[in-house]
Amino acid sequence: MSFIPGQPVSAVVQRIEIHKLYEGDNLILGFSIGGGIDQDPTQNPFSEDKTDKGIYVTRVSKGGPAEVAGLRLGDKIMQVNGWDMTMVTHDQARKKLTKKNEDVVRLLVTRKSLEETVRQSMMQH
Amino acid sequence: MDNESQYSGYSYKSSHSRSSRKHRDRHRSKSRDSSSRGDKSVTIQAPGEPLLDAESTRGDERDDNWGETTTVVTGTSEHSVSNEDLTRASKELEDSSPLECRRFAGPVLSGVLGVFALLTPLAFLLLPQLLWRDALEPCGTPCEGLYVSLAFKLLVLLISSWALFLRPPRATLPRFYVFRCLLMALVFLFVASYWLFYGVRVLEPRERDYRGIVGYAVSLVDALLFIQYLALVLLEVRHLRPAFCLKVVRTTDGASRFYNVGHLSIQRAAVWVLDHYYTDFPVYNPALLNLPKSILSKKMSGFKVYTLGEESSTNNSTGQSRAMIAAAARRRDNSHNEYYYEEAEMDRRVRKRKARLVVAVEEAFTHIKRLQEDEAASSPKHPREVMDPREAAQAIFAPMARAMQKYLRTTRQQPYHSMESIITHLQFCITHNMTPKAFLERYLAPGPTMQYQRENGSRGRQWTLVSEEPVTSALRQGLVFSLRRLDFALVVTVTPLPFLTLGEEFIDPKSHKFVMRLQSETSV
């Protein structure tokens with residue numbers, strides 16, 4: 001998941017579709033995000049490359065829509081509904097996730113175990 | 001005028017053509033009607049050196065004798081004179097000094113006027129005493145007070161005139177120096193009107209009120225003090241605050257500098273620029289200018305054009321040259337390659353010679369050391385030969401002479417440094433305990449032009465100020481004038497300094513606070 005600035009990023013991603021849940025007046029997704037280009041990347045416990053300023057999942061609430069959809073702790077979110085999440089500020093990411101008129105968010109997330117799975121499956125052949 | 005076109009056409013090698021051009025220059029500088037060309041070309045003369053000096057081109061290796069077979073036509077002489085006569089005549093003109101008289105005319109005039117103005121109050125006081133002393137009313141204490149104040153003010157006037165105005169002028173300006181003329185006219189007017197009133201009111205009716213006369217003299221001195229204040233402000237203070245930026249570029253090798261000046265007229269600005277030229281600009285070395293011929297001459301040698309048919313020659317030649325130029329432009333041009341390698345080679349050679357020179361000089365300096373006073377007394381057993389600086393310099397010059405000569409030849413500086421001057425400089429450095437590096441700083445980089453002046457600076461250095469505006473007009477934006485010398489010129493462009501808007505921002509010293517960087521977590 002390391003990246004070189006200016007070069008296209010390639011990663012093995014998983015598509016996750018989360019349906020928002022009504023809780024009182026708000027639509028919630030059931031996880032917390034951390035990171036962003038305006039944040040300090042060295043504090044990120046989930047990233048391999050400590051200069052990675054992407055958006056990471058830092059908490060998944062139990063039984064929430066995110067856990068049901070398959071989101072795991074430590075995932076890096078690459079896209080939300082087609083919007084790029086690798087080079088956004090924290091606030092921009094939050095806005096893209098909490099649009100009031102969208103019921104469903106389709107995320108592309110990546111994690112280290114995905115790559116290993118793919119590599120293993122390729123080695124088996 | 002045909003002498004100008006000839007001026008631009010000549011090269012500067014022969015002594016005959018040099019002196020005839022000096023002759024022409026002097027004629028041209030004496031007449032001020034050069035406005036027929038549209039440009040106003042006037043002469044500035046700065047004290048310094050004779051007209052021909054280290055600045056104009058002269059190369060030792062060039063042949064000075066080819067002028068024998070050249071025909072020189074001087075446009076100013078009506079009858080034909082031979083070259084030797086011209087040389088002799090111009091030398092006589094040089095040796096007699098009409099130029100020097102011109103230089104001092106202005107200051108002498110203003111000096112006479114100043115002395116006259118200073119003596120006038122004393123004359124006002126003394127004339128009644130001399131002429132009708134008995135009829136004067138005696139005047140006691142108030143008069144004495146006035147005497148003291150008069151004496152004190154005269155003393156102040158005298159000292160400040162000496163400090164401000166009694167300085168040898170450093171430049172002869174082509175047109176009148178407007179402010180100085182204004183002030184002289186003012187002083188003359190004041191003093192004349194005071195004398196007029198004095199003559200009519202005091203001398204004629206033999207005025208008896210001496211206190212009034214003394215008061216009159218004191219008021220004249222007050223007025224003179226105020227005129228001196230005006231002179232101080234106009235001549236010295238007004239141009240101190242910078243208002244314009246002058247860019248000075250030398251036409252031959254592009255050396256350029258930027259200077260800030262205040263409000264000046266064009267001729268005063270030219271003098272200012274020349275003052276700084278002599279100390280800031282590296283000396284003009286004509287030998288370092290051009291690309292080697294080997295690179296440039298390869299351009300046009302590739303094509304031969306044959307004419308078929310019997311057309312007229314003029315049409316053909318222009319067509320030919322245009323065709324050749326076009327073809328040469330289309331051909332792949334590799335001369336930049338050669339230039340690059342030639343430059344690299346030249347650099348390498350200079351560096352090698354410089355290394356040899358530095359080593360030779362360092363080694364030479366180790367041969368001598370300064371004799372301490374106690375050493376001479378304490379070692380009678382080993383009598384060493386005691387030398388004065390000149391002999392010491394000559395003794396250590398020999399091992400480094402060859403390396404020095406080769407280095408100077410490579411950097412084309414050998415016209416500026418004769419063997420005598422090198423030994424003199426070496427003697428100077430030894431006397432002042434300088435290291436070899438300090439001795440070499442004079443030769444390793446081309447110094448400012450001031451360094452190469454000869455000591456006999458009694459004659460002026462001739463510069464010509466060329467400008468499209470009258471030279472007494474003030475500097476303003478976009479003005480361009482140039483200062484021309486025999487073989488190069490300085491082009492000066494005037495731009496105003498930008499107007500600065502300074503804003504203020506107050507920073508509370510307690511406001512310098514820091515936090516750790518953000519690591520926020522938002523739940524969505």
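Residues numbered from 1 in each chain as written. Chains lettered and ligands numbered in written order. Predicted model: local features only at pLDDT ≥ 70, side-chain atom pairs only at ≥ 80, totals over all residues. Heavy atoms only, no water.

*Asks:* How should the overall build of chain A be read in this particular structure?
*Replies:* Counting its secondary structure elements, chain A contains three helices and eight strands. From first element to last, N terminus to C terminus, chain A shows the α and β order β-β-β-β-β-α-β-β-α-β-α. The 125 residues of chain A split such that 37% are buried. For chain A, long-range pairs separated by at least 24 residues make up 67% of all intrachain contacts whose partners lie at least 6 apart in sequence. For chain A, the accessible area works out to roughly 7400 Å², and carbon and sulfur atoms hold 52% of it. (Helix = DSSP H or I, 4+ residues; strand = E, 2+ residues; numbered from the N terminus. Buried < 20%, exposed > 50% of the residue type's maximum accessible area, 1.4 Å probe, protein only. Contact = heavy atoms within 4.5 Å. Areas by Shrake-Rupley, 256 points an atom, 1.4 Å probe, with all protein chains shown as cover.)

*Asks:* In this structure, what is going on with the packing of aromatic side chains? I would like to understand it.
*Replies:* Two numbers describe a pair of aromatic rings. These are the distance of the centres and the angle of the planes. Throughout the structure, instances matching the rule amount to 18 aromatic pairs over all chains. Residues B:Phe190 and B:Tyr194 carry aromatic rings whose centres are separated by 6.5 Å and whose planes lie at 15° to one another, so their mutual orientation is stacked. Linking B:Phe190 with B:Tyr194, this pair stays in helix H6 (residues 178–203), spanning four residues, or about one helical turn. You can call B:Tyr194 buried: its relative accessible area is 16%. Pairing B:Tyr277 with B:Phe281 gives two aromatic rings, centres 5.0 Å apart and planes at 40°, and the pair type is tilted. Following the ring pairs from residue to residue traces out a cluster consisting of B:Phe124, B:Phe190, B:Tyr194, B:Trp195, B:Tyr198 and B:Tyr216. The positively charged end of A:Lys96 is found above the aromatic ring belonging to A:Trp83, 4.4 Å away from the centroid. Sitting above the plane of the B:Phe281 ring, B:Arg257 keeps its charged end 5.3 Å from the centroid. (Phe/Tyr/Trp six-rings, centres within 6.5 Å; stacked < 30°, edge-to-face > 60°. Lys NZ or Arg CZ within 6 Å of the ring centre and 35° of its normal.)

*Asks:* Got a minute to help me understand a nonpolar patch on the surface in this structure?
*Replies:* The grouping of B:Val115, B:Leu119, B:Leu122, B:Leu126, B:Leu130 and B:Leu131 at the surface amounts to a nonpolar patch, some 590 Å² of accessible area in total. Position of B:Leu130 relative to the elements: it lies in helix H4 (residues 98–131). (Patch = residues over 30% accessible without salt bridge, like charges linked within 9 Å, V, L, I, M, F, W, Y side chains within 5 Å. Salt bridge = Lys/Arg side-chain N within 4 Å of Asp/Glu carboxyl O.)

*Asks:* Looking at this structure, how should I read the interface of chain B and chain A?
*Replies:* Interfaces are often sized by the accessible area lost when the parts come together. Taken residue by residue, the interface counts eight residues in chain B and 19 residues in chain A. Both faces combined, the contact of chain B with chain A buries some 1200 Å², and carbon together with sulfur accounts for 48% of it. The largest share of the area that chain B buries against chain A comes from B:Gln519, B:Thr522 and B:Val524, three residues that together contribute 54% of it. The tally of links from chain B across to chain A stands at zero salt bridges. (Buried area = accessible area lost by both parts, 1.4 Å probe.)

*Asks:* Could you clarify how one ought to interpret the UniProt feature "transmembrane region" (unreviewed entry) in chain B in this entry?
*Replies:* Residue and element names in this part refer to chain B. As recorded in UniProt, the feature "transmembrane region" (unreviewed entry) lies at residues 104–126, 146–165, 177–198 and 213–235. From the first C-alpha to the last, residues 104–126 spans 32 Å; its make-up is 100% helix and 0% strand. Secondary structure content for residues 213–235 is 100% helix and 0% strand, and the end C-alpha separation is 33 Å. (UniProt positions renumbered as here; feature names shortened; annotations may be inferred.)

*Asks:* Got a minute to help me understand helix H13 (residues 389–410) of chain B in this structure?
*Replies:* Every α-helix carries 3.6 residues per turn, so stepping three or four residues along brings you back to the same face. Residues and elements named next belong to chain B. Relative to the 32 Å expected for 22 residues at 1.5 Å per residue, H13 spans 29 Å between its end C-alpha atoms, a close match to the ideal helical length. Within H13, the axis deviates most sharply at Met400, by approximately 55°. Next to the buried residues of H13 lie helix H11 (335–365), helix H14 (419–431) and helix H15 (436–444). One or two residues past the end of H13 sits Arg412, with phi positive at roughly 55°. (Expected span 1.5 Å × (residues − 1). Bend = angle between axes of the 7 residues up to and from the residue.)

*Asks:* Teacher, can you tell me more about the nonpolar core here?
*Replies:* Side chains that are nonpolar tend, in soluble globular proteins, to be buried together. All names here are of chain B. Ranked by internal contacts, the top residues of the largest apolar core, which has 34 residues, are Phe124, Leu125, Val187, Tyr210 and Val214. Listed by contribution, the elements that provide at least two residues to this core are H4, helix H5 (141–165), H6 and helix H7 (210–237). Look past the residues within four positions of Phe124 in its chain and what remains in contact with it is Tyr194, Trp195, Tyr198, Ile213, Tyr216, Ala217 and Leu220. Formed by 28 residues, the second largest nonpolar core is a distinct cluster that contains Leu264, Trp463, Leu479 and Leu483. (Core = buried A, V, L, I, M, F, W, Y, C linked by side-chain atoms within 4.5 Å.)

*Asks:* I keep staring at the pairing of strand E6 (residues 76–80) of chain A and nothing clicks. Help me out?
*Replies:* All names here are of chain A. When you tally the buried positions in E6, you get four out of five residues, the bulk of the element. The pairing of strand E5 (residues 55–60) with E6 spans two bridges and is classified as antiparallel. What sits directly across from Ile55, in E6, is Ile77. Relative to strand E8 (residues 104–110), E6 runs antiparallel, the two sharing four bridges. From the neighbouring strand, Ile77 faces E8, where its bridge partner is Val109. Direction of pairing for E6 relative to strand E7 (residues 83–84): antiparallel, over a ladder of two bridges. If you follow Val80 over to E7, its bridge partner there is Trp83. Where E6 hands over to E7, the hairpin turn is made up of two residues, of which Asn81 adopts a positive phi near 50°. (Pairing = 2+ DSSP bridges.)

*Asks:* What exactly am I supposed to notice about a positive patch on the surface here?
*Replies:* Residues and elements named next belong to chain B. A contiguous patch of positive charge on the surface is contributed by Arg349, Lys352, Arg356, Arg402, Lys406 and Arg412. Elements supplying a minimum of two residues to the positive patch: H11 and H13. The biggest single contributor to the positive patch is H11, with three residues. Given the relative accessible area of 31%, Lys406 is considered partly exposed. (Lys, Arg positive; Asp, Glu negative; His and termini not counted. Charge placed at Lys NZ, Arg CZ, Asp CG, Glu CD.)

*Asks:* What exactly am I supposed to notice about the pattern of salt bridges here?
*Replies:* Oppositely charged side chains can pair when the atoms bearing their charge come close. Tallying each qualifying case throughout the model produces 13 salt bridges over all chains. Ionic pairing is found between B:Glu345 and B:Arg348, a salt bridge with its closest N-O pair at 3.4 Å. Within this pair, B:Glu345 and its partner B:Arg348 are both found in helix H11, separated by three residues, close to a single helical turn. Take B:Glu345: its relative accessible area is 34%, and that puts it in the partly exposed class. Exposure remark for B:Arg348: the relative accessible area of 46% places this residue in the partly exposed category. Through salt bridges with shared partners, a single network forms among A:Glu48, A:Lys112 and A:Glu116.

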